[in-house]
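Read off the chains here:
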Amino acid sequence: MTVSRREQLLSYFVLCVFAVIALYPVVSIVLLALHRVSDVPTGLSIPHYLDFSSFKTAWDEGNFGRGLVNSFIVAGTVTVVTAVLSTLAGYAFGTMRFRGSDALFYLLLVGLIFPYEATVIPLYYVFRDMGLTDTYWALILPQIGLSVPFGTFWMRAFFRATPGSLVEASRLDGASSFITLWRVLLPQAWPAITTMLVLVFMWTWNEFLLALVMIQSDNLRTAPLGLALFSGANRGTLQITLVAAASVLVALPVMIVYVFLQRSFIRGMFAGAVKE
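Just so it is clear, the structure is predicted and the values come from calculations on it, not from any experiment.

Talk me through the overall build of the protein; I want residue IDs and the actual numbers.
Looking only at helices and strands, the protein features 11 helices and zero strands. Going from N to C terminus, the protein has its helices and strands arranged as α-α-α-α-α-α-α-α-α-α-α. A buried classification covers 39% of the 276 residues belonging to the protein. In the protein, the share of contacts with a sequence separation of at least 24, taken over all contacts with a separation of at least 6, comes to 73%. Only carbon and sulfur atoms are counted for the fraction: they give 69% of the accessible area of the protein, which is about 16200 Å².

Shown next, in the form of structure tokens:
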């Protein structure tokens, strides 16, 4: 019991240390954004009184309203399409056996190991010839292609770990493959799907390089791209409170979505199914 207690205390200590390391920059940015625009704080500086004017100024000057809408359109579309395609593909690779399935799956995994930065410039010329640059499709299509391999790998691992008795029982009852997926497997797959949704949404939301190359119009600028340009524009003026406020505005929607889906993830964890 003594050894177990010491290990438990050591675990809590290590977790607390890493929690402080992870939360320190976040808290610093939030406190920095609550200072007055004229202040020049450094480090973890607590303001004497809360000033929210930096958020309004950053919102107006950086045009983050339009940028957040663009990011929601792109991230939402990529997340939904990726979830549908990855679930169907993962179900096929995880529960079905067909000729060439292993080779096709490993070919799909190339998308996980191939650096997409090497394809951005060729993609630009391809999309330019197709007339798709400076459009939503220039951001949506490549990121769907980047996310589906990961989503398929994720869902395949889940479906392969699903008890075979569930699928066999539904087949004996005369259910088709689609009905088996829709009514039997999907209810218990929500934890895996929710985790995939969170990861894909965060990755898509934070995408910067693709938007920088593909988008030239201010009306189609995403929030991370707008934040980078806004930060560069205010670098020489030392208005760090405005940059911090803009950073909070860009990160806040992701945090809200994460908290919302995290609750769904926890509920899905307790939904349960037949265990073997």
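Can you explain the pattern of salt bridges? Please cite residues and give values.
Counted under the stated rule, the structure contains three salt bridges. Between D129 and R128 there is a salt bridge, with the nearest N and O atoms lying 3.9 Å from each other. On the accessibility criterion, R128 (44% relative accessible area) is partly exposed. One salt bridge connects R221 with D218, and the closest N-O pair in it is separated by 2.3 Å.

How would you summarise the packing of helix α3 (residues 64–95) against helix α8 (residues 177–205) if you had to cite specific residues and measurements?
Where α3 meets α8, the closest approach of the two axes is 8 Å, and the angle between their N-to-C directions is 145°. Handedness of the α3/α8 crossing: right-handed. When the residues that make up the contact of α3 with α8 are grouped by side-chain class, the tally is 17 nonpolar, nine polar and no charged.

Give me the packing of α3 against helix α6 (residues 137–160): which residues, what numbers.
The description of two helices packed together rests on the angle between their axes and the distance between the axes. Close contact between α3 and α6 brings their axes to 6 Å; oriented N to C, the two are set at 35°. Every pair of crossing elements has a handedness; the one defined by α3 and α6 is right-handed. In terms of residue class, the contact of α3 with α6 is made up of 13 nonpolar, 11 polar and two charged.

How would you explain the nonpolar core if you had to name every residue and give the values?
A general feature of soluble globular proteins is that nonpolar side chains tend to end up buried together. Counting residues in each nonpolar core, the largest one holds 33 residues, and the members touching the most others are L139, M155, F159 and M214. Among the elements of the structure, α3, α6, α8 and α9 (209–214) are those that each provide at least two residues to this core. Per-element tally for this core: the top contributor is α8, with 10 residues. M155 has contacts with S86, T87, G90, A189, A192, I193 and M196, leaving out every residue within four places of it along the chain. Membership of the second largest hydrophobic core comes to 21 residues, among which are A33, L34, L68 and L227.

Tell me about a nonpolar patch on the surface, and please be specific about residues and values.
Taken together, the side chains of F98, L104, L107, V110, L112, I113, F114 and F153 make up a nonpolar region of the molecular surface, amounting to roughly 770 Å² of accessible area. With five residues, helix α4 (residues 101–113) is the largest single contributor of residues to the nonpolar patch. Here V110 is to be found in helix α4. Taking relative accessible area as the criterion, V110 reaches 38% and is therefore assigned partly exposed.

A description of the side chain of T87 should follow, citing residues and the corresponding values.
Tracing the sequence through the fold places T87 in helix α3. Reaching out from T87, the side chain makes a polar contact with the backbone oxygen of A83 at a distance of 2.6 Å.

How would you summarise α4 if you had to cite specific residues and measurements?
Taking 1.5 Å per residue as the helical rise, α4 with its 13 residues ought to reach 18 Å, and the 19 Å between its terminal C-alpha atoms agrees with that figure. Three or more residues of α4 are buried, namely S101, F105 and L109. All buried residues of α4 project into a common sector of 70° when viewed along the axis, lining one side. Exposed and facing more than 90 degrees away from the buried side of α4 are A103, Y106 and L107.

The rules behind each value
- Residues numbered from 1 in each chain as written.
- Predicted model: local features only at pLDDT ≥ 70, side-chain atom pairs only at ≥ 80, totals over all residues.
- Heavy atoms only, no water.
- Helix = DSSP H or I, 4+ residues; strand = E, 2+ residues; numbered from the N terminus.
- Buried < 20%, exposed > 50% of the residue type's maximum accessible area, 1.4 Å probe, protein only.
- Contact = heavy atoms within 4.5 Å.
- Areas by Shrake-Rupley, 256 points an atom, 1.4 Å probe, with all protein chains shown as cover.
- Salt bridge = Lys/Arg side-chain N within 4 Å of Asp/Glu carboxyl O.
- Axes fitted to C-alpha atoms, helices over the stretch in contact; angles between N-to-C directions.
- Left-handed = near helix turned anticlockwise from the far one by under 90°.
- Nonpolar A, V, L, I, M, F, W, Y, C, P; charged D, E, K, R; others polar.
- Core = buried A, V, L, I, M, F, W, Y, C linked by side-chain atoms within 4.5 Å.
- Patch = residues over 30% accessible without salt bridge, like charges linked within 9 Å, V, L, I, M, F, W, Y side chains within 5 Å.
- Polar contact = N/O pair within 3.5 Å; in protein donor to acceptor, adjacent residues only side chain to side chain.
- Expected span 1.5 Å × (residues − 1).
- Arc of directions from axis to C-beta.

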